[in-house]
Amino acid sequence: MPMSKKTRAAVWTSVALGLLVGGTWAGTAVAAPPGAAKVTAPYAQAAAVVNANGSVNRSKGIEAVTKPAAGHYCVELEDKDLDIRKLVPTATLQYISFEYDIRISMWPHPSCGTRTDTFLVITGKPGVYEDASFSIVVP
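Residues numbered from 1 in each chain as written. Predicted model: local features only at pLDDT ≥ 70, side-chain atom pairs only at ≥ 80, totals over all residues. Heavy atoms only, no water.

Points about the pattern of salt bridges
Okay, step 1: Here the structure, examined in full by the defined rule, presents 8 salt bridges.
Okay, step 2: For Lys80, the salt bridge identified is with Asp117, shortest N-O distance 2.8 Å. Placement of Lys80 in the loop between strand 6 (72-77) and strand 7 (90-93) and of Asp117 in the loop between strand 8 (101-105) and strand 9 (118-125) is noted, with a sequence separation of 37 residues between them.
Okay, step 3: Residue classification places Lys80 among the partly exposed positions, given a relative accessible area of 42%.
Okay, step 4: The salt bridge partner of Lys125 is Glu99, with a shortest N-O separation of 3.7 Å. On the criterion of sequence distance, the pair formed by Lys125 in strand 9 and Glu99 in the loop between strand 7 and strand 8 is long-range, its members being 26 residues apart.
Okay, step 5: Using a relative accessible area of 46% as the deciding quantity, one classes Glu99 as partly exposed.
Okay, step 6: Within the structure, one salt-bridge network assembled from shared partners comprises Glu76, Lys80, Arg115 and Asp117. (Salt bridge = Lys/Arg side-chain N within 4 Å of Asp/Glu carboxyl O. Helix = DSSP H or I, 4+ residues; strand = E, 2+ residues; numbered from the N terminus. Buried < 20%, exposed > 50% of the residue type's maximum accessible area, 1.4 Å probe, protein only.)

Considering unusual backbone geometry
Okay, step 1: Its identity as a non-glycine residue notwithstanding, Thr114 has a phi of 55 degrees, on the positive side.
Okay, step 2: Relative to the elements of secondary structure, Thr114 occurs in the loop between strand 8 and strand 9.
Okay, step 3: Taking relative accessible area as the criterion, Thr114 reaches 47% and is therefore assigned partly exposed.

Structural notes on the packing of aromatic side chains
Okay, step 1: Using the criterion set out here, one finds 1 aromatic pair in the structure.
Okay, step 2: Between Tyr73 and Phe134, the ring centres sit 5.1 Å apart and the planes meet at 65 degrees, which makes this aromatic pair edge-to-face. In this pair, Tyr73 sits in strand 6 while Phe134 sits in strand 11 (residues 134-138), placing the two residues 61 residues apart along the sequence.
Okay, step 3: Taking the relative accessible area as the measure of exposure, Tyr73 reaches 0% and is therefore buried. (Phe/Tyr/Trp six-rings, centres within 6.5 Å; stacked < 30°, edge-to-face > 60°.)

So far we have only geometry, and geometry alone does not tell us how the molecule works.
Structure representation (C-alpha cells):
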C-alpha cells in the first residue's frame, strides 16, 4: 500500500535528522562544498542537514547557509521563485533536549538581508543563542 504524503514527509524528516553531524565554527557563509552530498528527497522542495558551524552536510534545493551570529542561520533557497511567506518548513535539532529550542522566522528577516527566499533559523536555550546542528525540510 502506498504511503500518504504526510507519512512520506515524516519519513524524510526522520532520515534527515538521522544524518546530522555536529561541529563548531562561527561567523561564516558556507555553501555546500564541491562534492558534498546532494540528497534525493522527491517529496521536498528543499531540505538540508546543517552542522553547528553552518556548513551544509547534505542538501537539496539549498543555495547556501550563512551564519551571521551565534545560533543564527540564514538558509537560502535555490529556487528564487519560492517565497518563505507561503511555505511551511520544519526544522529539527540533532540533539533532543528540553533545554534547547529551534525556531524558524516565517517572514523575511533583517539578519538575512530581508530576502523572501531565505529563512532565519535560530537555535539555543531560551534567551541564549547557541550553535546547534539541525535539519530543515521544506515540503
